[in-house]
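What follows is each chain in one-letter form.
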Amino acid sequence: HKLIIPAISAIGLVLVLVWMQGGFHKKVPGGMTAEAPQKVQVKTVKAEVRSSAGDVTVSGSVVSKESARIAARVAGNVVELNVEAGARVNKGDVLAKLEAKELVEREAQAQAALESAKADLVKTGNDFERFKSLFEKESIAKREYDEALARHEMAQATENKAKASLDEAKTLLSYTSVTAPFDGVVAERNVNVGDLAVAGKQLFSVYAPDTLDMVAAVGEQYVSFLSVGADVNVAIPSINLKEKSQISEIVPQRDEKTRTVTVKAHLADGPGLAPGLYGTMTFNTAKTDVIVIPATAVSTAGQLESVKVLDGDSVKTRHVKVGRKLDDGTVEILSGLNAGEEVVIE
């Protein structure tokens, strides 16, 4: 009798433990998280098959097709600066002025030499006309006539040379005004007032903002997917820029060291956009058929991704593997769903 009571207690304890472990509940097949079958009214969409292309993203830089490094063409002290980096300029605008006293003196000397040559030309011209008249009257020898002609021709040559020297002096003096070669934006200013600018020293760099490209090196294995006019997506993180563009040029020459080709896509001018910025270019490769569903239908818990699937009159949880997020708000489902299955979205 004493043994019966402990035995009954032990059996009762075992039954409680089995109940707590779910021993009296209906078993669920592996791979599914079951919810109690119930008739529910939910909004669903069918998992559909769509043709999708794989994306490839490569790094690149912003480059201007039209840019200029403006250097001093003559030596002189910088006495005036009219622009800073980032300023927009028009063709012919004076960016800086140099002071070159020797060029001013050279122009003055050339001007004086020309005036003297002109005076000499007038004198020899008058002499020649007089000797010509006397020669025609046979009042002087031909030798005297020839000498007068020679002096006049030499004076003419001297005047021509003086004019050329003055033109050259004026041209050199004009170089003391440093001007913009085209409409554009000043990218760099490498000089300050008071600096000595020597011939060949870079003072400014200017670029045309409407000629900016994203230039990227693309692996040669992707060349077959590239073509002029093909759509690409460009992103420049530093200025939060994202825009669609098209391939404008593919340089056929491959880089033997990196095994890449250079690809260019035009960029629209915008705030903050300038040569040298880092960016990315994304383009499509081979097309494949994938299953897609709305991104909002996917739940994430840690690293587990799941969706609710309508199975008859009940809703069940299905673990899935998600691929790329697409632009239209859908996601690729790599595994866990079949085309045509009803996915709960509400």
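Here the structure is a predicted model, which means the values were calculated and not measured.

Cut-offs and rules
- Residues numbered from 1 in each chain as written.
- Predicted model: local features only at pLDDT ≥ 70, side-chain atom pairs only at ≥ 80, totals over all residues.
- Heavy atoms only, no water.
- Helix = DSSP H or I, 4+ residues; strand = E, 2+ residues; numbered from the N terminus.
- Contact = heavy atoms within 4.5 Å.
- Areas by Shrake-Rupley, 256 points an atom, 1.4 Å probe, with all protein chains shown as cover.
- Salt bridge = Lys/Arg side-chain N within 4 Å of Asp/Glu carboxyl O.
- Buried < 20%, exposed > 50% of the residue type's maximum accessible area, 1.4 Å probe, protein only.
- Pairing = 2+ DSSP bridges.
- Phe/Tyr/Trp six-rings, centres within 6.5 Å; stacked < 30°, edge-to-face > 60°.
- Lys NZ or Arg CZ within 6 Å of the ring centre and 35° of its normal.
- Patch = residues over 30% accessible without salt bridge, like charges linked within 9 Å, V, L, I, M, F, W, Y side chains within 5 Å.
- Lys, Arg positive; Asp, Glu negative; His and termini not counted.
- Charge placed at Lys NZ, Arg CZ, Asp CG, Glu CD.
- Core = buried A, V, L, I, M, F, W, Y, C linked by side-chain atoms within 4.5 Å.

Attention shifts here to the overall build of the protein. The helix and strand tally for the protein stands at three helices and 20 strands. Sequence-distant contacts in the protein: of pairs separated by 6 or more residues, those separated by 24 or more amount to 71%. Of the accessible surface of the protein, which amounts to about 21,500 Å², a share of 54% is contributed by carbon and sulfur atoms.

Let us now look at the pattern of salt bridges. What the rule picks out here adds up to 15 salt bridges. Between glutamate 84 and arginine 189 there is a salt bridge, with its nearest N and O atoms 2.9 Å apart. With glutamate 84 in the loop between strand S4 (76–81) and strand S5 (88–89) and arginine 189 in strand S8 (residues 184–189), this pair connects stretches of sequence that are 105 residues apart. For glutamate 84, a relative accessible area of 48% corresponds to the partly exposed category. Lysine 123 is the salt-bridge partner of aspartate 127, the closest N and O atoms lying 3.2 Å from each other.

Sheet strands pair by backbone hydrogen bonding; their relative direction is either parallel or antiparallel. The strand order across the open sheet formed by four strands is S7-S6-S4-S9, and the pairing between neighbours is antiparallel. With partners counted over all chains shown, the strands left at the sheet margins are strand S7 (177–179) and strand S9 (196–197), one partner each.

Let us look at the pairing of strand S18 (residues 314–325). Sheet analysis places strand S17 (residues 304–311) next to S18, joined by seven bridges and oriented antiparallel. Considered in S18, the bridge of leucine 310 is made with valine 315. Turn length for the S17-S18 hairpin, with the two strands adjacent in sequence and antiparallel, is two residues, and the turn residue glycine 312 shows positive phi of about 70°.

On to the packing of aromatic side chains. This model, assessed by the stated rule, comprises three aromatic pairs. Ring plane angle 40° and centroid distance 5.6 Å describe the contact between phenylalanine 128 and tyrosine 145, whose orientation is recorded as tilted. A residue pair is termed long-range when its members are at least 10 positions apart, and phenylalanine 128 in helix H2 (residues 101–136) and tyrosine 145 in helix H3 (residues 142–174) qualify at 17 residues. One exposure class covers both phenylalanine 128 and tyrosine 145, and it is buried. On the basis of an interplanar angle of 20° and a centroid distance of 4.8 Å, the ring pair of phenylalanine 135 and tyrosine 145 is categorised as stacked. One end of the pair, phenylalanine 135, is in helix H2; the other, tyrosine 145, is in helix H3, with 10 residues separating them in the sequence. Here the aromatic cluster, defined as three or more aromatic residues joined through ring pairs, consists of Phe128, Phe135 and Tyr145. Positioned over the ring face of tyrosine 175 is arginine 73, at 3.9 Å from the centre of the ring.

Moving on: a negative patch on the surface. Together, Glu66, Asp93, Asp183 and Asp210 give the surface a local cluster of negative charge. Overall, the relative accessible area of 55% leaves aspartate 210 in the exposed class.

With that settled, the discussion passes to the nonpolar core. Of all hydrophobic cores here, the largest spans 23 residues; its most connected members are Leu267 and Met281. For this core, the secondary structure elements donating two or more residues are strand S2 (48–64), strand S11 (212–219), strand S12 (231–236), strand S13 (241–250), strand S14 (260–266) and strand S15 (278–294). Looking at this core element by element, the count peaks at four residues for S11. The residues contacting leucine 267, other than those within four sequence positions of it, are Val62, Leu212, Asp213, Met214, Val234, Ile236, Glu243 and Leu273. Within the second largest apolar cluster, 22 residues are counted, among which are Ala72, Ala96, Leu172 and Val178.

Strand order across the open sheet formed by four strands is S3-S10-S8-S5, with antiparallel pairing between neighbours. This sheet does not close on itself; its edge strands, each paired only once, are strand S3 (67–71) and S5. Pairing geometry for S5 and S8, over two bridges, is antiparallel. Residue arginine 88 lies in a different strand from S8, and its bridge partner there is valine 185.

For lysine 321, the position within the fold is in strand S18. For the pair formed by lysine 321 and serine 335, sequence separation is 14 residues and the distance between their alpha carbons is 5.2 Å. In contact with lysine 321, not counting residues within four places along its chain, are Glu305, Glu332, Ile333, Leu334 and Ser335.

On to the environment of leucine 173. Secondary-structure assignment places leucine 173 in helix H3. For the pair leucine 173 and lysine 101, spaced 72 residues apart in sequence, the C-alpha separation works out to 9.4 Å. Once residues lying within four places of it in the same chain are set aside, the contact partners of leucine 173 are Leu103, Val104 and Glu107.

This part covers the side chain of threonine 176. Along the chain, the position of threonine 176 falls in the loop between H3 and S7. Aside from chain neighbours lying at most four places away, what touches threonine 176 is Val74, Ala96, Lys97, Leu98, Ala100 and Leu103.

Any link to function would need more than the numbers given here.
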